[in-house]
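Structural overview
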Amino acid sequence: MKFLIIPNSETQWKELWHINTCPRVKHFWWKCLVDILPTNVRLQRSCRYINNIFPLCKQFYEEVTHVLFTCPFSRAVWMRIPGGSSVLVGLHTNIAVVFESWVKLSQQSISNSNWLNLAIIVSWSIWNERCEVQFQNKKANPELVSRKAMSFAAYIEGLNVKQQTRVVMIHDNIHAHWKPPAYPYLTINCDAYFDKHTGLTGIALVLRDFVGQWRGCSTKCYAGVKDSEHAECLAFLEVFKWNRNMQQTHVVLETDLQGIESYITKHAPVISWEYEDILLDAIECLKNIPHWECHFFSISCNKPADILAKYNSRNRVTRVWLDKPPDFIESSLLEDIVTVSS
């Protein structure tokens, strides 16, 4: 049936949706393949006053193939990518034909499959740079774009390897009580409490070591948060801002929002698109932590952080504790230690 086939090609849509990469990248490519990417040429069809020149080169019409392949800027990006020069060979008049050739190449070997992931991420990164130039007056930098694209592709490939070798045991993720990490890791439990009546969100982070001892905690208060999912994503990002000062190298990140764990470890599209940027920033920060893990734990295993987040929402406290924990979470910390000991 026609609706199963990508327009102007013989490739089925499932070839796009089955690529193991970030959902946002696949969404970008879907827009390209159905010709709804908001390039200036496309927008000018509806609004004649729009300038249809590509802002990065200021010479040619902003069409999809020019943006991604034939512009001097995009060519400079591809030339910095291993194997990228092969992309620049031949005509690029049909985006569907380009994608189809990449898919056929990826089916030949695993290394070519990794190349497909890299190629679609590079394309997406070029478009992102275009948007930042257009809307934020950023100066385009092909070297920076290529480095970011390769780094993000390597991260996705790493997740795919972990996913293939990982033995999934459901009961390992469902505990009645909190458990300390293995030596030499430290755990940072993060939680957020969103008060829909006041619009305030309390964020709390609790740091504990591999024997269950408290090592510190941090709180922050946000206003203008949209919902609890937004709040949990902000709490997760706050972990990296705190760890930037502590410089911990072995960290277990624990959250009671399963969507965050799924997005970070499996790049599953389970978080609202509005908050993906927050988690993409978190993924970028993960590159600065040599050894990390991310786990989902139920709220019953996250009591100290939960109590601290609720307190923070009511009292609007932004503070770091390193000498002694707040009195009102000491009993829940002690309860976890007793449970570990037994």
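Residues numbered from 1 in each chain as written. Predicted model: local features only at pLDDT ≥ 70, side-chain atom pairs only at ≥ 80, totals over all residues. Heavy atoms only, no water.

1. Description of the packing of helix α2 (residues 23-33) against helix α6 (residues 95-106)
Just so we agree on the cut-off: As a rule, the C-alpha atoms of each element are fitted with a line to give its axis, helices using only the stretch in contact, and angles between N-to-C directions run from 0 to 180 degrees. Under the scheme used here, helices are H or I runs from DSSP no shorter than 4 residues and strands are E runs no shorter than 2 residues, and both carry numbers assigned from the N terminus. Here the angle decides the label: under 35 degrees means roughly parallel, over 145 means roughly antiparallel, 65 to 115 means roughly perpendicular, and every other value means oblique. The contact rule is simple, with two residues in contact once any of their heavy atoms fall within 4.5 Å. Each residue is assigned to one class: nonpolar for Ala, Val, Leu, Ile, Met, Phe, Trp, Tyr, Cys and Pro, charged for Asp, Glu, Lys and Arg, and polar for all the others, Gly among them.
One way to put it is that α2 packs onto α6 with a least axis distance of 9 Å and a crossing angle of 135°. Here α6 runs oblique to α2, going by the angle between their axes. Residues Trp 29, Cys 32 and Leu 33 of α2 form the contact with α6, whose participating residues are Ile 95, Ala 96, Phe 99 and Trp 102. When the residues that make up the contact of α2 with α6 are grouped by side-chain class, the tally is 7 nonpolar, no polar and no charged.

2. Some words on the pairing of strand β3 (residues 214-223)
Keep this limit in mind: Two strands make a pair as long as DSSP finds a minimum of two bridges between them.
The sheet contact formed by strand β2 (residues 200-208) and β3 spans 9 bridges and is antiparallel. Within the sheet, the bridge partner assigned to Val 206 lies in β3 and is Cys 217. Between β2 and β3, which pair antiparallel in sequence order, lie 5 residues; one of them, Gly 212, sits at a positive phi of approximately 90°. Alignment of β3 against strand β6 (residues 319-321), held across 3 bridges, turns out to be antiparallel. Bridge pairing links Ser 218 to Val 320 in β6.

3. Considering helix α11 (residues 276-286)
Think of an α-helix as turning once every 3.6 residues; residues three or four places apart then point the same way. As a reminder, the rule being used: Accessibility here uses a 1.4 Å probe with only protein chains present; expressed as a share of the type maximum, an area under 20% marks a residue as buried, one over 50% as exposed, and anything in between as partly exposed.
α11 sits mainly inside the fold: 8 of its 11 residues count as buried. Those residues of α11 that fall on the buried side of the exposure criterion are Glu 276, Ile 278, Leu 279, Leu 280, Ala 282, Ile 283, Cys 285 and Leu 286.

4. A short note on the nonpolar core
Buried together is how nonpolar side chains tend to be arranged in soluble globular proteins. We count it as follows: Residues grouped as a nonpolar core are buried Ala, Val, Leu, Ile, Met, Phe, Trp, Tyr and Cys residues, joined through side-chain atoms within 4.5 Å.
Core analysis: the biggest nonpolar cluster contains 85 residues, and Trp 29, Trp 78, Trp 102, Phe 152, Phe 236 and Ile 264 have the highest contact counts within it. Top element by residues in this core is helix α7 (residues 110-136). It accounts for 12 residues. If sequence neighbours within four positions are ignored, Trp 102 has contacts with Trp 29, Phe 69, Trp 78, Val 87, Trp 115, Leu 116, Ala 119, Ile 120 and Ser 123. Within the second largest apolar cluster, 11 residues are counted, among which are Ala 204, Trp 214, Cys 217 and Ile 329.

5. Considerations on the pattern of salt bridges
The criterion, for reference: Any carboxyl oxygen of Asp or Glu that lies within 4 Å of a side-chain nitrogen of Lys or Arg is treated as forming a salt bridge with it.
A complete count under the given rule lists 15 salt bridges for this structure. Between Glu 330 and Lys 324 there is a salt bridge, with its nearest N and O atoms 3.3 Å apart. Looking at Lys 324, the relative accessible area reads 44%, which means it is partly exposed.

Any link to function would need more than the numbers given here.
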